[in-house]
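So you can see what is in the structure, the chains are spelled out below.
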Amino acid sequence: MSTFDALREQLLDAAEAFSGGGDALSGILSGMVDDVDRMLGEKLEIFPVCHHSPASALAMTRRLRDKRPKVVYLELCEDLQPLLSELRNCRLPVALQAFATRLDGFPAGSGPLSVVAPVTEASAEYQAIAYALDTPGVELVLVDRSVDHVFQWLPREPADAGPGTAPDGRTSPASPASPTPSGAAASPAGGPVGEADDGQDEEAALHGDAVGVEIGDLRPGFAELEAYLLHHGKVRHWSEWWDQYVEQPLAGADHDTYRQAMALVGSLFRRLRPSSGDRLAVDEERERYMWTRIREHLAASGADPAECLYVCGAFHAVSRVAEFGLESAAPPYTVTPRTATQWLYGLIPSSHSAIEAQFGLAQGSVSIAAATWAKATARGGVTPYRLAGQQGGRARSGRTGKTGKTGKNGNPVTPEPAPDRLSGFLAAPPALDGLDEDELRGWCVDIVRLARRNGYLASTADAIAVFETSILLAGVRGRARPTPYDFADAAVTCIEKDAVPGRRDVRRLCEILLGGDRVGVVGYEALPPLARDVYDRLEPLGIDLGRRTQQRVLLDLTANPELRPCSDLLWMLRYLLPDDAVRPIMGARRLGERPIQESWDLAIGRHQRSIVELGYEGVTVEQVLEQRLRRKVRDPRATAGTALEAVEDAILYLGGGRFADELGARAVELLAAERTVDDAPEVLRRIRRLLAHYRATGPGLPAWCEAFVTAGYAHYCTLLPSAFADDTGVRQVGAMLGFLFSMEGLALSLGCDRTQLELAVRQSHPEAPAKVALLWAAETQLGLLPRDELRARCDGLLDNPLVVPAFPLYLSGFVQALDPVPGLAPFVVEALSKAFARLPDPVLLPWLPTLITTLRRNVPELVPVLVREAGRTFPGGLAELDGWTPPWERPAAPARAVRAAPAPSGPVTGLLARHPAACDAVAGLLGCPADWPEPPAGGAPDAGEERVRALLGRYPATAGAVAALLGG
């Protein structure tokens, strides 16, 4: 005979009356009773909980003090257990995190993967953890699947699917399971919840894009049931419904009533969940996993199940899998192996807003739960457990209080079967608290005070209105006592009348009043080595790095040179952390610059999570930065421009050296492998800057720079004809020419052939006007097109009415050519001046907007060069303008008579003229004509010639060497 036979009969009679004998409703109601009966009959005590539930935390604390279990099995990822002891070094809320960047066994491109499990003081799991860790002889065992299995079991969804949920009903991030963006909330049914305000506060993003796991997610399995409950419960969101109909009735319930009622709720949501979904299959797989781990531990340790406690979500407490229970006859469950992915573990700060955003809870619900927990514990009914040394509150000993009942031999007495508490709990109305006028009055006065501070025109009349409206709303909703949700609605109605004058609205002010968005802090001892190293190295700054407010720091590097290492570290953190974590106000780090003073805005404490995650990548900041730069240049999408940027960063932050040479060698490889020139402007800009740096700081260029110049010269010469012909942008073609002409001297000295460039220019046949202008500029630079012919071509363009509308494009090409051919600036000014002088107004006025937009779009950085040249060309004053003549219209100066060069004379000339064979041979070898003057009259050698002959006679080896060279 079952304990719940009477209740089962009542529910079946109700189903008969309600549905007229339908089997579906009867099966659901009787099945719920069977689930509760099955859970209570299990030899191992199962304690069902709900996440962030003050009622669950209170019931857990009472049960731990009464039972004093020796083993606590907790539904949490088993590989997170080593982190639990570090909680005593933190201020809650914090989150246990597992992080992986180097994946092995997961789809490519799915990383990094991150899992977080938030912990708050007002949670049953924290009470169990604190009890187990601070009570001698108690063992805590985490039995849920590992974080590796969390991602293994995520249901695979197509890329165009809607928001997905993680195994615990959470939104999955951009991971192998779903491309859902971080921060979005999803209901268990897969639809948006609409409770969390993602833009309310930056603290909502503390968890990043991690997948959240936590004990006890209780929520309807489909949206229709949730909407029905919200409508008939006269509430706006699920968190308020749960607080009204579950939390408050169970807050003061005894142990048996709490267990049976929570199991009944879990069974209801389980049986009403669609059985065809992936989520139910994952939940059942987790339940098999957990029961397998429990049986394995009991077999290995020999613990008595009567002295153990299994803490899990109410949904899993009424599991119907075959592996349920210690006496299950199901075949052994095989745990799938983990992948070869290396997981890193740590603690990161969390906050109430982050938990609400992660798990789709109503904004402010976790803060309200924390306030409810604080009020319940302050009444003296229960003393919660707190880890010894825990930050953020008064330490409470876990060894005091009532102990469990024991027999004569000291062993626990086996409890008798629990009586039926459900029948009375479901039949009787909940005991309603009376109106606490002092509490409500204090809320009303404080919210008016906060509203005034934030710009609202609130008064005492508004406080009275909020008080009366709160009572009215509670009565309309069937409540004897206004809840914090009723109070918040009343405050919004009475105070926020038409607009929000400041940054915070009234609902946000109510959250602050009722508990605020508490943010956790990871203690120094619990930080990874990198984070501790950062804190130690920034200690000379003399600021509190744990503060979450922004702090201004001034570094005088001349007066205090010992602060230069702090400056170097801040610049590296600026590169690695989010933009608002470390922000320079004064000072810059560029090649060739060393600031003497710097000013910084630091928010290190606000971005502690980012620093902790840096610790997963290395031991020091320098190591992480080196790894980031190396991955950057080895990325399949890396280009020569990104590699040069990495070289520059290595010089700025790591001092260059061999590591910069390694990155530079990679830049040479990437440049040679590129088949497009889209990156040419960035390549040109960065290689120029690097060459200038090396020339200014060292005796010579590194080998990779010389290799880059020679490879780039050959590469761009090869691609130049095709770039002129295809749809490559004018900016890219101009950058190619800039590289070829500006690096030409260095490239030729390194063995390149200028003929290759000439052939590339001759083979180019562009059609676009801007590219045609670029080609003409290149030909002028190479001497293939005289300046007079170039001027004639431009004059022909202006004289042709069919080409005049496209003339701005030609000008854009000429301006673009100012980078590779800077000597062309006077000609561009001349061409533009002729256009303004010759074109009539009906043509010029519609033509000007096209010219301006073309120059602004294509060559904004070169227009100042053109303006400076125009300033040198045109007169500086208005009075000089009347008599001024443009240089290109001035008559050419008469050619000066060239004085005939005197005939060469001297002893050497005479000697060579008398014996011209050697010089004729050299001239023939060089391809020059041999034209000799007539020898001096008389043919007699002078004294100088005699001395030369005598010198050659004494040293014939020189003449013999020349003769041998010429083959004589």
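Before reading further, recall that the structure is shown in the block above.
Every value quoted in this text rests on a predicted model; they were computed, and no experiment measured them. (Residues numbered from 1 in each chain as written. Predicted model: local features only at pLDDT ≥ 70, side-chain atom pairs only at ≥ 80, totals over all residues. Heavy atoms only, no water.)

Chemist: Before we go on, may I ask you to explain the overall build of the chain in this structure?
Modeler: Of the regular secondary structure elements, the chain holds 38 helices and 11 strands. Residues classed as buried in the chain amount to 50% of the 968 residues present. Of the accessible surface of the chain, which amounts to about 44,500 Å², a share of 55% is contributed by carbon and sulfur atoms. (Helix = DSSP H or I, 4+ residues; strand = E, 2+ residues; numbered from the N terminus. Buried < 20%, exposed > 50% of the residue type's maximum accessible area, 1.4 Å probe, protein only. Areas by Shrake-Rupley, 256 points an atom, 1.4 Å probe, with all protein chains shown as cover.)

Chemist: Just checking my understanding: could you explain the sheet that holds strand β6 (residues 211-212) for this structure?
Modeler: Consider a sheet: its strands pair through backbone hydrogen bonds, and that pairing is either parallel or antiparallel. If you walk across this open sheet you meet the 4 strands as β6-β4-β3-β8, and the pairing is mixed. With one partner strand each, in any of the chains shown, β6 and β8 (344-349) form the two edges of the open sheet. (Pairing = 2+ DSSP bridges.)

Chemist: What is the right way to look at unusual backbone geometry in this model?
Modeler: Excluding glycine, a negative phi dihedral is what most residues carry, and trans is how most peptide bonds are arranged. A cis amide bond links Leu92 with the next residue in sequence, Pro93, at an omega value of 5°. You can see Pro93 is positioned in the loop between β2 (71-77) and β3 (94-100). Despite not being glycine, His52 shows a phi value in the positive range, around 50°. Within the secondary structure layout, His52 lies in the loop between β1 (45-49) and α3 (54-67).

Chemist: Mind showing me how you'd approach the sheet that holds strand β10 (residues 582-586) here?
Modeler: Across the sheet, which stays open at both edges, the 3 strands sit in the order β9-β11-β10 with antiparallel pairing between neighbours. Because the sheet does not close on itself, it has two edges, and the strands there are β9 (551-556) and β10. Across this sheet, the average inter-strand angle for adjacent strands is 25°, counted without regard to direction. Strand direction decides the pairing type here: β10 and strand β11 (residues 597-602), joined by 4 bridges, are antiparallel. (Axes fitted to C-alpha atoms, helices over the stretch in contact; angles between N-to-C directions.)

Chemist: How do you make sense of the pattern of salt bridges when you look at a structure like this?
Modeler: Side-chain pairs of opposite charge can arise whenever the charged atoms involved come near each other. Evaluation of the coordinates by the stated rule reveals 47 salt bridges. A salt bridge links Lys632 to Glu645, with the shortest nitrogen-to-oxygen separation between them at 3.4 Å. Here the residue Lys632 occupies a position in helix α21 (residues 621-634), and Glu645 occupies one in helix α22 (residues 640-654), the gap between them amounting to 13 residues. Judged by relative accessible area, which is 25%, Lys632 ranks as partly exposed. Overall, Glu645 belongs to the partly exposed group, its relative accessible area being 25%. Here Arg686 makes a salt bridge to Glu645, at a shortest N to O gap of 4.0 Å. Taken together, the residues span a long stretch of sequence, with Arg686 in helix α24 (residues 680-697) and Glu645 in helix α22 at a distance of 41 residues. (Salt bridge = Lys/Arg side-chain N within 4 Å of Asp/Glu carboxyl O.)

Chemist: Mind showing me how you'd approach helix α19 (residues 564-576) here?
Modeler: Along an α-helix, residues three or four positions apart point the same way, because every turn accommodates 3.6 residues. Between its first and last C-alpha atoms α19 spans 19 Å; for 13 residues at 1.5 Å apiece the expected length is 18 Å, and the two agree. Buried within α19 are the following residues: Cys566, Ser567, Leu569, Leu570, Trp571, Met572, Leu573 and Leu576. (Expected span 1.5 Å × (residues − 1).)

Chemist: It is not clear to me how the environment of Arg532 should be interpreted in this structure. Could you clarify?
Modeler: Relative to the helices and strands, Arg532 resides in helix α18 (residues 529-537). Taking relative accessible area as the criterion, Arg532 reaches 25% and is therefore assigned partly exposed. A polar contact is formed between the side chain of Arg532 and the backbone oxygen of Leu527, at a distance of 2.4 Å. (Polar contact = N/O pair within 3.5 Å; in protein donor to acceptor, adjacent residues only side chain to side chain.)

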